[in-house]
Amino acid sequence: MKRILISLASIITLTAALVGCSSGVKLNEVPVESRTPVTTAPGTGDAAGVSGRVVAPVQIGATDPSLAGPPGAARVIYFDYDSFVIKPEFQATVEAHARFLSANKARKLVIEGNTDERGGREYNLALGQKRAEAVRRALGLLGATDAQIEAVSFGEEKPAAAGTDEESYSKNRRAEFNYR
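Residues numbered from 1 in each chain as written. Predicted model: local features only at pLDDT ≥ 70, side-chain atom pairs only at ≥ 80, totals over all residues. Heavy atoms only, no water.

Engineer: Can you explain the confidence of the model for the protein chain? Please cite residues and give values.
Structural biologist: Mean pLDDT over the protein chain stands at 82; residues scoring 70 or higher make up 71%. Long-range and interchain partners of residues 44-50, a stretch whose pLDDT sits below 50, account for five contacts in this model, where long-range means more than four residues apart. (pLDDT = per-residue confidence, 0-100. Contact = heavy atoms within 4.5 Å.)

Engineer: Provide a residue-level description of the sheet that holds strand S5 (residues 149-155), including the pertinent values.
Structural biologist: The four strands are arranged S3-S6-S4-S5 in an open sheet whose pairing can be described as mixed. Each edge of the sheet is formed by a strand with only one pairing partner; in this case those strands are strand S3 (76-78) and S5. Across the sheet, the mean angle separating the axes of adjacent strands is 20° when strand polarity is ignored. One ladder, built from five bridges, connects strand S4 (residues 109-114) with strand S6 (residues 174-179); its direction is antiparallel. Residue Leu 109 lies in a different strand from S6, and its bridge partner there is Tyr 179. Packed on one face of the sheet, helix H2 (residues 91-103) meets S3, S4, S5 and S6 and runs near 20° to S6. (Pairing = 2+ DSSP bridges. Helix = DSSP H or I, 4+ residues; strand = E, 2+ residues; numbered from the N terminus. Axes fitted to C-alpha atoms, helices over the stretch in contact; angles between N-to-C directions.)

Engineer: Lay out the packing of aromatic side chains with the relevant residues and their values.
Structural biologist: Tallied over the entire structure, the rule returns two aromatic pairs. Here Tyr 78 and Phe 90 contribute two aromatic rings whose centre-to-centre distance is 6.0 Å and whose plane-to-plane angle is 55°, an arrangement assigned as tilted. One end of the pair, Tyr 78, is in strand S3; the other, Phe 90, is in the loop between S3 and H2, with 12 residues separating them in the sequence. The partly exposed category is assigned to Tyr 78, whose relative accessible area is 30%. Exposure remark for Phe 90: the relative accessible area of 14% places this residue in the buried category. Plain terms: the ring middles of Phe 100 and Tyr 179 are 5.3 Å apart, the flat faces sit at 85° to each other, and that makes the pair edge-to-face. Here the residue Phe 100 occupies a position in helix H2, and Tyr 179 occupies one in strand S6, the gap between them amounting to 79 residues. The burial state of Phe 100 is the same as that of Tyr 179; both residues are buried. (Phe/Tyr/Trp six-rings, centres within 6.5 Å; stacked < 30°, edge-to-face > 60°. Buried < 20%, exposed > 50% of the residue type's maximum accessible area, 1.4 Å probe, protein only.)

Engineer: Residues and numbers for the nonpolar core, please.
Structural biologist: Ile 77, Ile 86, Leu 101, Leu 109, Ile 111, Val 135 and Leu 139 are the most contacted members of the largest nonpolar core, which totals 20 residues. For this core, the secondary-structure elements that each account for two or more residues are H2, S4, helix H3 (121-141), S5 and S6. (Core = buried A, V, L, I, M, F, W, Y, C linked by side-chain atoms within 4.5 Å.)

Engineer: Explain the pairing of S6 to me, using residue names and the numbers behind them.
Structural biologist: Both faces of the sheet carry side chains from a regular strand, because those side chains alternate between them. Counting buried residues in S6 gives six out of six residues, a clear majority hidden from the surface. Residue alternation in S6 divides its side chains into two sets, Arg 174, Glu 176 and Asn 178 and Ala 175, Phe 177 and Tyr 179, and both sets are buried. For S3 and S6, the ladder comprises three bridges, and the chain directions are antiparallel. Bridging across to S6, Val 76 finds its partner in Glu 176.

Engineer: Tell me about the side chain of Thr 93, and please be specific about residues and values.
Structural biologist: The topology assignment puts Thr 93 in helix H2. When its relative accessible area of 12% is taken as the criterion, Thr 93 is described as buried. Not counting the four nearest positions on each side in its chain, Thr 93 is found in contact with Ala 74, Ile 77 and Phe 177.

Engineer: Help me get a handle on the environment of Ala 147, residues and values and all.
Structural biologist: Note that Ala 147 resides in the loop between H3 and S5. In this structure the C-alpha to C-alpha distance between Ala 147 and Ala 106, which are 41 residues apart in sequence, comes to 9.5 Å.

This is the structure we're talking about:
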């Protein structure tokens, strides 16, 4: 008798759960949205209650020139093997980005540290982080604020050049400036 009551209670609970999770929306009657730009006349409003606005499609891959950072400045600096010391030939690039950030306090910068494929995964992630942090500290010393800069490491995960020769390795030992 006890087993029958437990089975009956289980069936009732399962049925209640299924009924509670069901939806009244019919799948064959899904509304279709227009993906073309729509303009509404001011004061008339649209179905969402927004008036006087133009809805335009998102352009994937479009670049905004204002996101590029300082004009004419390189967006990548390179490092020696197993090093996170900024080379003297890239000091002008770091200074240009620092001046740009100092003049544009609302701008944000992500510095992405990268390594070549030599070394273990954890080691390369740590070295990439040290490279990004070295650039972040240099920018900070030159006038950029910590709130503007984020340093991240990709280690060996985002190679700029495929190959196992020194030329490919040297292109992968880098820090990239990406404005947001």
